[in-house]
2 protein chains.
Amino acid sequence: MFGATTLIVKIIGSIGAVSAGLDLGKEGPLVHIGSCIASLLGQGGPDNYRIKWRWLRYFNNDRDRRDLITCGSSSGVCAAFRAPVGGVLFALEEVATWWRSALLWRTFFSTAVVVVVLRAFIEICHTGKCGLFGEGGLIMFDVSNVTVRYHVMDIVLVVVIGIIGGVLGSLYNHVLHKVLRLYNLINHLAVALFTSMCEYGLPFLAKCTPCDPSLPESTCPTNGRSGNFKQFNCPPGYYNDLATLLLTTNDDAVRNIFSTNTPQEYQPLSLVIFFVLYCILGLITFGIAVPSGLFLPIILMGSGYGRLLGIYMGPHTNIDQGLFAVLGAASLMAGSMRMTVSLCVIFLELTNNLLLLPITMIVLLIAKTVGDSFNPSIYEIILHLKGLPFMDANPEPWMRNLTVGELVDVKPSVVTLHGVEKVAKIVDVLKNTTHNAFPVMDDGVVPPVVGQANGGTELHGLILRAHLIQALKKKWFLKERRRTEEWEVREKFTWVELAEREGSIEEVAVTSEEMEMFVDLHPLTNTTPFTVLESMSVAKAMILFRQVGLRHLLVVPKYQASGVSPVIGILTRQDLLAHNILTVFPHLAISKGREKRN
Amino acid sequence: MFGATTLIVKIIGSIGAVSAGLDLGKEGPLVHIGSCIASLLGQGGPDNYRIKWRWLRYFNNDRDRRDLITCGSSSGVCAAFRAPVGGVLFALEEVATWWRSALLWRTFFSTAVVVVVLRAFIEICHTGKCGLFGEGGLIMFDVSNVTVRYHVMDIVLVVVIGIIGGVLGSLYNHVLHKVLRLYNLINHLAVALFTSMCEYGLPFLAKCTPCDPSLPESTCPTNGRSGNFKQFNCPPGYYNDLATLLLTTNDDAVRNIFSTNTPQEYQPLSLVIFFVLYCILGLITFGIAVPSGLFLPIILMGSGYGRLLGIYMGPHTNIDQGLFAVLGAASLMAGSMRMTVSLCVIFLELTNNLLLLPITMIVLLIAKTVGDSFNPSIYEIILHLKGLPFMDANPEPWMRNLTVGELVDVKPSVVTLHGVEKVAKIVDVLKNTTHNAFPVMDDGVVPPVVGQANGGTELHGLILRAHLIQALKKKWFLKERRRTEEWEVREKFTWVELAEREGSIEEVAVTSEEMEMFVDLHPLTNTTPFTVLESMSVAKAMILFRQVGLRHLLVVPKYQASGVSPVIGILTRQDLLAHNILTVFPHLAISKGREKRN
């Protein structure tokens, strides 16, 4: 998922897709590219050419890998929108399933580096020798040249924008969900052809508009790559407003539709065509197998209806039409993606208009609230469609009425190992199960605290499949059933080897003689696994799982008696996914309607 | 801590302190006021005049109370700096010990409301009829009128500012720590007198500077409340630069020292006097018992040395002196408070200069890193001094080598109750212990899963002191030792009553006859407590405690045998504080030097 091949494919693919003029955003592939680079750096390079520096091994664990990938994805957002703080908050609000305070300034550091490098390149490309790169400087869609003034009536309008954004956003999610199910029916070439045809052909439908005589001749009409008033098929002194929006890069299209202090620039018909076209393109382009992001298509759509609303509301408001376009884009984003803080900061960093902040906040909150009442966010829908085991942020209400004891009851019973285990048993367990961790238990141990005569069972901890394979590979066998000292292990295994997660049981060859020998698992066991009582509700277990960032959770009995196993079961992320629980306990789905949304 | 009296005292106190011209910030009291209002709203008003609306009771639990207080404090920061997003992030980075995604948009909502209300009042006070309120509009210290240009050499300078900020910030923390220990020696009146004397007297030391002839006569010199060039004791056509900085409100002082495109305005000597004076004032003012915040004093100090650096570096850099003052303020803030993202956004919202963002980020990160290598943040120091049980964000390294089993071993043994318990025992336990929760256990229960003959002990859950008192108050007693049905409880107790946390055991009168009766605790018990194995390390237990937001954590044995108690001990926040652990296990302190910093 984060390999070197993926990286190269994504880079080439996204360059191709963006330069083909398809209706897609750069931030999706850039987030993925950032995560790939982070993951590769953390493991010291691609699988076959790994650098084996000692200090690199410090990152070879789940937690740091996850942190690095989070940093990578926030760098991706930062690079796509030149929005360093927005990138940090995007990672915080949308990407990371768990969070710790150290991660905040680490992602902040990575985006700071990105923005300094970006700034340097923009400086170098100042004179325009790098093509379109660096246009607009650090602020992509600057609307700071307009003073924001509003009165009570304008707030009502802003609320209306928010509500429309919420409704349209959830509608978009709904339709995109349907479209993505038909994935294979959509042909790449057809989409590219359709996009080109529409973008070139539709401007002929628009009427030519005379240039405002107050504008200098060099800005209206223009014929270059960028420019706010494109001549296209019009006579001198006239411009084609639809060509301004369609015959340009996506970034420039946004810049043109956000343009402020130009109340007469666009005709309603052109904006309707623009809006409808980008609704269609936004839906079908995301369906083709091309690296793409959702931000830009949604911004384009949203700005279309926002500006249209601005034209019709013009007489009743003080807010500039360009700002209406910004607010429309923000509302559709929140209506579809359901983020608040990160979107707000991203829009602030994109548009550089701090005075717009209060109304942006209102629009985002209303659109999110309206959208949430219809369906889940677009990211949740896509994750659900792809079947990725991504845990929901909040447990479903019915999870409170199910205990983890009931949940493990319907699973196959847990496979446990003894503290000193026969090699044959280990090989058998590794070959016949796919579990990644096994509880380790000792029988007949006399609890030292109580000092009673008959021994009980002791839960020693949890051993990982990878460590069992390492022990077999290294042939760390004992002739008799005895416990080893810790120094013996330290001589045999370095922590670097234990951090390795590679190798499968098929690679291990064990002779029949060795099969009768023993392995002492105690030193290789994690003695501090997280546990829950069997009476714990699934909802609380899920919160624990997500907040602490676990892979395995042991379920222990609430009874204390001889003969009871100290472990009842083991829960993984898969077991706690709402979808998987509902297939086993279908009656829970009926009790509350909330999960029907998926 | 969050009562109505506190609220009124804080409001009056902070108005008095700010208008007295003391060197303190408004954000401290405003955060506290916001939290008080949130807490009072959540419980329906002050203790004696509570509104008993039914829906209000929904908030009467720990989690919602905590959320409300977090929203209140972010509103406070938002109101102090007119920085809505900064307020959210401040709460996220500094205030909340735990976090969930829903909290993000809830705090966002509260700050959105604050900023809209603020905006409305600023609009109403537009014509200056509300005194100083609303000056500067939504952006307090606007420096957006300067274009930010920098080259590689400037980055070096920026790094230097960051390093100096880190060193000065940690020095400030160190000295403030010493000053706060002498708390009582500092007299309120003396501080107020000293402040006034210095602010009025010191400007006489400064030389008069001739006004720049390019400036209109109405702006230089001025004699009003605000204005960048104060005449004070100077002849017409001249101004006193130290009076500009001292004879004004704190907000205006910041605005004046941040002023851009005025490279000749301040003389180095004046800035040195300003810096030294505010260092002294910042240290002694915080020691007096007046509601105060740290932001503004640190901004004043930092801007002083930043501008000074700007004057000396002027020939070698493109960066404006006003921006140097901003960067100096940012670096001292990060050096003392060790926040990154929230400070960055607060500064962005204060100064409205997006192009300054990359260098601000570098300065903040460097100052934080340098400061962290000397001592903990100022907030941690103050919390430690006041002895508040605020859990550290990260466990200390030595905590990995201590198990929770060892920790509960040195505590008095845990007090447990039976599922059906004698009234006398309950009264005795409540009177003779101060615990807030007790494990509930049943003897002789036959585990249904295993189906063996001899019964064991079952851990039923955890019961709160408040619920025991409710049961005694309602005299919910049984003549014989039997279990009740759940509906019996539902008839007797409403959830509203169980949410109440008031009443003490002293208020309960139990006759000697009742003492011999029984209470069935099963229905009142929380059957889903969080648990850890005794072999769990303290570090991981602490992460669990903080991430899930717990009050009690049960320690269960890793042994499974008859006669072993299913609960070994119970951990509270107090038990997991590094300071408290070290008093019991002093040898741990020597092993690593890191905790000596406190």
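Residues numbered from 1 in each chain as written. Chains lettered and ligands numbered in written order. Predicted model: local features only at pLDDT ≥ 70, side-chain atom pairs only at ≥ 80, totals over all residues. Heavy atoms only, no water.

- Under the annotation held in an unreviewed UniProt entry, chain A carries the name Chloride channel protein and is attributed to Glycine max.
- UniProt, in its Sequence similarities (unreviewed entry) section for chain A, records the words "Belongs to the chloride channel (TC 2.A.49) family."
- Its UniProt record gives chain A the following Subcellular location (unreviewed entry) comment, quoted word for word: "Membrane". (UniProt positions renumbered as here; feature names shortened; annotations may be inferred.)

**A few points about the pattern of salt bridges**
Consideration 1: Summed over the entire model, instances satisfying the criterion amount to 26 salt bridges over all chains.
Consideration 2: Notably, a salt bridge pairs D252 of chain B with R255 of chain B, separated by 3.2 Å at the nearest N-O pair. Remark: R255 of chain B and D252 of chain B occur in helix α9 (residues 250-257); sequence separation between them is 3 residues, near one turn of the helix.
Consideration 3: Taking relative accessible area as the criterion, D252 of chain B reaches 5% and is therefore assigned buried.
Consideration 4: Salt bridges here are not isolated pairs; linked through shared partners, they connect R338, K368 and D372 of chain A. (Salt bridge = Lys/Arg side-chain N within 4 Å of Asp/Glu carboxyl O. Helix = DSSP H or I, 4+ residues; strand = E, 2+ residues; numbered from the N terminus. Buried < 20%, exposed > 50% of the residue type's maximum accessible area, 1.4 Å probe, protein only.)

**A word on the domain arrangement of chain A**
Consideration 1: Partitioning chain A into structural domains gives domain 1 (4-127), domain 2 (152-188 + 250-386) and domain 3 (397-597).
Consideration 2: Taking only C-alpha atoms, the centre of domain 2 of chain A and the centre of domain 3 of chain A are 48 Å apart. (Domains from an automatic or database assignment.)

**Here's the deal with the interface of chain A and chain B**
Consideration 1: On the chain B side, the residues contacting the 78 residues of chain A number 78 residues.
Consideration 2: Surface buried jointly by chain A and chain B totals about 7100 Å² across both partners, of which 69% is contributed by carbon and sulfur atoms.
Consideration 3: On the surface where chain A and chain B come into contact, there are 2 salt bridges.
Consideration 4: Between the two partners, chain A and chain B, sit 10 residue pairs in polar contact (both at pLDDT 80 or more).
Consideration 5: Looking at the side of chain A that touches chain B, the elements that each hand over two or more residues are α4 (84-95), α5 (101-124), α13 (341-351), α14 (357-372), β6 (456-464), β8 (531-533), α22 (538-548) and β10 (559-560) of chain A.
Consideration 6: Among the residues making up the side of chain A that touches chain B, the classes are represented as 48 nonpolar, 20 polar and 10 charged. (Contact = heavy atoms within 4.5 Å. Buried area = accessible area lost by both parts, 1.4 Å probe. Polar contact = N/O pair within 3.5 Å; in protein donor to acceptor, adjacent residues only side chain to side chain. Nonpolar A, V, L, I, M, F, W, Y, C, P; charged D, E, K, R; others polar.)

**Some remarks on a nonpolar patch on the surface**
Residues and elements named next belong to chain A.
Consideration 1: A cluster of nonpolar side chains, contributed by F109, V113, V117, F121, I124 and F133, occupies part of the molecular surface with about 540 Å² of accessible area.
Consideration 2: With respect to the element layout, I124 can be found in helix α5.
Consideration 3: For I124, a relative accessible area of 52% gives the class exposed. (Patch = residues over 30% accessible without salt bridge, like charges linked within 9 Å, V, L, I, M, F, W, Y side chains within 5 Å. Areas by Shrake-Rupley, 256 points an atom, 1.4 Å probe, with all protein chains shown as cover.)

**A closer look at the pairing of β6 of chain A**
For a regular strand, side-chain orientation follows a simple rule: the groups alternate between the two sheet faces.
Consideration 1: Counting buried residues in β6 of chain A gives 8 out of 9 residues, a clear majority hidden from the surface.
Consideration 2: Here 2 bridges tie β6 of chain A to strand β10 (residues 559-560) of chain B, and the two strands are oriented antiparallel to one another. Looking at β10 of chain B, one finds that T457 of chain A is bridged to Q560 of chain B. (Pairing = 2+ DSSP bridges.)

**Remarks on the UniProt feature "transmembrane region" (unreviewed entry) in chain A**
Residues and elements named next belong to chain A.
Consideration 1: Following the UniProt record, one finds the feature "transmembrane region" (unreviewed entry) at residues 103-122, 150-172, 269-288, 294-312 and 354-371.
Consideration 2: Along residues 103-122 the backbone is 100% helical and 0% strand, and the end-to-end C-alpha distance reaches 28 Å.
Consideration 3: As annotated, residues 269-288 has a helix share of 95% and a strand share of 0%, and its two end C-alpha atoms lie 29 Å apart.

**Some points on the relation of the copies chain A and chain B**
Consideration 1: Of the transformation superimposing chain A on chain B, the axial component is 0.0 Å and the angular component is 180°, with the fit at an RMSD of 0.1 Å. Expressed as an axis order, the relation between the two copies is that of a two-fold axis.
Consideration 2: Mapped onto chain B, 100% of the interface residues of chain A again fall at the interface, so both copies present the same surface. (Least-squares fit on C-alpha atoms with pLDDT ≥ 70 in both.)

**Remarks on helix α12 (residues 321-337) of chain B**
Because an α-helix completes one turn every 3.6 residues, residues spaced three or four positions apart along the sequence face the same direction.
All names here are of chain B.
Consideration 1: The first and last C-alpha atoms of α12 sit 24 Å apart over 17 residues, in line with the 24 Å expected at 1.5 Å per residue.
Consideration 2: With respect to burial, α12 is a largely interior element, 17 of its 17 residues being buried.
Consideration 3: Residue D320 occupies the N-cap position of α12, its side-chain oxygen lying 2.8 Å from the main-chain nitrogen of G322.
Consideration 4: In the segment just after α12, R338 is the residue with positive phi, at about 60°. (Expected span 1.5 Å × (residues − 1).)

**Quick notes on the sheet that holds strand β11 (residues 569-572) of chain B**
Residue and element names in this part refer to chain B.
Consideration 1: One open sheet holds the 3 strands; their spatial order is β8-β9-β11, and the pairing between them is mixed. In the strand order of this sheet, the two ends are held by β8 (531-533) and β11, each with one partner. Recorded for the sheet is a direction-independent mean angle of 30° between the axes of neighbouring strands.
Consideration 2: With 3 bridges joining them, β8 and strand β9 (residues 552-556) adopt parallel strand pairing. Bridging across to β9, T531 finds its partner in L554.
Consideration 3: Strand contacts of helix α22 (residues 538-548): β8, β9 and β11, with the helix running at about 145° to β9, the strand carrying the most contacts. (Axes fitted to C-alpha atoms, helices over the stretch in contact; angles between N-to-C directions.)

**Quick notes on the state of the cysteines**
Consideration 1: For the coordinates displayed, the defined rule picks out 2 disulfides over all chains.
Consideration 2: Each sulfur of the disulfide joining C208 of chain A and C234 of chain A lies 2.0 Å from the other. Residues C208 of chain A and C234 of chain A are joined through a disulfide that is left-handed, its torsion about the S-S bond being -90°. Residue C208 of chain A is found in strand β1 (residues 208-210), and its partner C234 of chain A is found in the loop between β1 and β2 (238-240); the two are separated by 26 residues along the sequence.
Consideration 3: Under the relative-accessibility criterion, C234 of chain A is labelled buried at 6%.
Consideration 4: In this structure C78 of chain B is a free cysteine whose sulfur lies 11 Å from that of C344 of chain A, the closest cysteine sulfur available.
Consideration 5: The exposure class of C78 of chain B is buried, given its relative accessible area of 0%. (Disulfide = S-S within 2.5 Å.)

**Regarding helix α9 (residues 250-257) of chain A**
Residue and element names in this part refer to chain A.
Consideration 1: Taken across its 8 residues, α9 has 7 buried, putting it largely inside the fold.
Consideration 2: All of the buried residues in α9 are N250, D251, D252, A253, V254, N256 and I257.
Consideration 3: On its buried face, α9 is in contact with α8 (241-246), α10 (268-287), α11 (295-313) and α12 (321-337).

**What about the sheet that holds β8 of chain A?**
Residue and element names in this part refer to chain A.
Consideration 1: Spatial strand order, β8-β9-β11: 3 strands in an open sheet with mixed pairing. At either end of the open sheet lies a strand with only one pairing partner, and these are β8 and β11 (569-572). Averaged over all pairs of adjacent strands, the angle between strand axes in this sheet comes to 30°, irrespective of strand direction.
Consideration 2: Of the strands in this sheet, β8, β9 (552-556) and β11 touch α22, which is tilted by about 145° from β9.

**Some thoughts on the packing of aromatic side chains**
All names here are of chain A.
Consideration 1: What the rule picks out here adds up to 16 aromatic pairs over all chains.
Consideration 2: Aromatic pair F90 and F295: ring centres 5.8 Å apart, planes at 70°, arrangement edge-to-face. In this pair, F90 sits in helix α4 while F295 sits in helix α11, placing the two residues 205 residues apart along the sequence.
Consideration 3: Taken together, a centroid distance of 4.9 Å and an interplanar angle of 55° make the contact between F274 and Y278 tilted. Taken together, the residues span about one helical turn, with F274 and Y278 both in helix α10 at a distance of 4 residues.
Consideration 4: Residue classification places F274 among the buried positions, given a relative accessible area of 0%. (Phe/Tyr/Trp six-rings, centres within 6.5 Å; stacked < 30°, edge-to-face > 60°.)

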